[in-house]
Amino acid sequence: MSDRELLEVAAKAAGYEIDGYSEKYGALVSLVDGVSMWWDPLTNDGEALRLAVKLGIRITNNQSDAWATTPDAIAIEPLTNDPYAATRRAIVRAAAKIGKAN
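Positions within a chain are numbered from 1, following the residues in the order the chain's sequence is written. It should be noted that, the model being predicted, local features are given only for residues of pLDDT at least 70 and side-chain atom pairs only at 80 or more, the latter also being counted only at that level, while totals for whole chains, interfaces and linings use all residues. For side-chain calculations, the full set of non-hydrogen atoms in the structure is used, while hydrogens and water are omitted.

K.L.:
Help me out: how do you make sense of helix α2 (residues 45–55) in this one?
P.N.:
Since there are 3.6 residues in each turn of an α-helix, residues three or four apart along the chain are aligned in direction. Taken together, the buried positions of α2 are occupied by Glu47, Ala48, Leu51, Ala52 and Leu55. Around the axis of α2, the buried residues are gathered within 140 degrees of arc, so they sit on the same side. Away from its buried face, by an angle of more than 90 degrees, α2 presents the exposed residues Arg50 and Val53. Against the buried residues of α2 lie α1 (3–14), β3 (36–39), β4 (58–61) and α3 (83–101). Between N or O atoms, a polar contact is any pair within 3.5 Å; within protein, one atom must be a potential hydrogen donor and the other a potential acceptor, and residues adjacent in sequence are included only when both atoms are from side chains. Put simply, DSSP H or I for four residues or longer makes a helix, DSSP E for two residues or longer makes a strand, and each gets a number counted from the N terminus. The opening residue of α2 is asparagine 44, an N-cap whose side-chain oxygen sits 2.9 Å from the backbone nitrogen of glycine 46. With its phi angle positive at about 65 degrees, glycine 56 sits one or two positions after the end of α2. Classification of residues uses two cut-offs on accessible area relative to the type maximum, computed with a 1.4 Å probe and protein chains only: under 20% is buried, over 50% is exposed, and between them is partly exposed. Comment: arc refers to directions from the helix axis out to C-beta atoms. Contact between two residues is taken to exist if any of their heavy atoms lie within 4.5 Å; hydrogens are not considered.

Laid out in structure tokens, this is it:
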């Protein structure tokens, strides 16, 4: 699944509506009050953490992998030279699994 597809389905899980997409900025999402903002939990630690909290995603790292789990979804990303990026990607992949199920 491409980064764009991951963001679109993860946004759905979070209750956001996608208004557009940019390779540079991520997804343009509409918030409840009608304001739009760029949203990219694949590159932004804060947005990834808020997504994990909103969806009840549990985050665990060991020496080789980042795990993002819920009772209904699990995503595992290998830790490479950037464990933060691997953890964000695991969170977004778990959110996308939730979004696909809904």
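The discussion continues.
K.L.:
Looking at this structure, how should I read the pattern of salt bridges?
P.N.:
Note on pairing: side chains with opposite charge can pair once their charged atoms come close. The working definition used for a salt bridge is a side-chain nitrogen of Lys or Arg within 4 Å of a carboxyl oxygen of Asp or Glu. This structure, assessed with the given rule, holds four salt bridges. Across the pair arginine 89 and aspartate 3 runs a salt bridge whose closest N-O atoms are separated by 2.9 Å. Of this pair, arginine 89 sits in helix α3 while aspartate 3 sits in helix α1; the two residues are 86 residues apart in sequence, bridging distant segments of the chain. A salt bridge links arginine 88 to aspartate 45; its shortest N-O distance comes to 2.6 Å. Highlighted residues: arginine 88 in helix α3 and aspartate 45 in helix α2, separated in sequence by 43 residues.

K.L.:
Sorry if this is basic, but what is going on with the packing of α2 against α3 here?
P.N.:
A pair of packed helices is characterised by two quantities: the angle between their axes and the separation of those axes. Closest axis-to-axis distance for the α2/α3 pair is 10 Å, and the angle between their directions is 40 degrees. Compared by their axis directions, α2 and α3 come out oblique. The way α2 lies across α3 gives a crossing that is left-handed. Contact residues: α2 offers Asp45, Ala48, Leu51, Ala52 and Leu55, while α3 offers Tyr84, Arg88, Ile91, Val92, Ala95 and Ile98. All axes are obtained by fitting lines to C-alpha atoms, using only the stretch in contact for helices, and the reported angles, taken between N-to-C directions, cover 0 to 180 degrees. Under this scheme an angle from 65 to 115 degrees is roughly perpendicular, one under 35 degrees roughly parallel, and one over 145 degrees roughly antiparallel; angles in between are oblique. Two helices cross in a left-handed way if the nearer one is turned anticlockwise from the farther one by less than a right angle. They cross in a right-handed way if the turn is clockwise.

K.L.:
Explain the side chain of serine 22 here, please?
P.N.:
Within the secondary structure, serine 22 is located in strand β1 (residues 17–22). Within the structure, the side chain of serine 22 is placed 3.2 Å from the backbone nitrogen of tyrosine 25, a separation counted as a polar contact.

K.L.:
It is not clear to me how the nonpolar core should be interpreted in this structure. Could you clarify?
P.N.:
As a rule of thumb, nonpolar side chains are buried together in soluble globular proteins. For this analysis, a nonpolar core means a set of buried residues of the types Ala, Val, Leu, Ile, Met, Phe, Trp, Tyr and Cys, connected via side-chain atoms within 4.5 Å. Trp39, Leu51, Leu55, Ile57, Ile91 and Val92 are the most contacted members of the largest nonpolar core, which totals 28 residues. Taken together, the elements giving at least two residues each to this core come down to α1, β2 (26–30), α2, β5 (65–69) and α3. Broken down by element, the residue count for this core peaks at eight residues, all from α3. Isoleucine 91 has contacts with Ala48, Leu51, Ala52, Ile57, Ile59 and Ala68, leaving out every residue within four places of it along the chain.

K.L.:
Looking at this model, I keep getting lost on the sheet that holds β4. Mind explaining?
P.N.:
Paired through backbone hydrogen bonds, the strands of a sheet run either parallel or antiparallel to each other. Strands were regarded as paired on the criterion that DSSP finds at least two bridges between them. In spatial order, the strands read β4-β5-β6; together these three strands make up an open sheet with antiparallel pairing. Both edges of this open sheet fall to β4 and β6 (74–78), since each of them pairs with a single strand only. Neighbour-to-neighbour, the strand axes of this sheet turn through a mean angle of 15 degrees, independent of strand direction. Where β5 lies against β6, five bridges are found, and the strand directions are antiparallel. Counterpart to threonine 69 in the pairing with β6 is isoleucine 74. Packing against the sheet, α3 makes contact with β4, β5 and β6, and its axis sits at approximately 155 degrees to β6.

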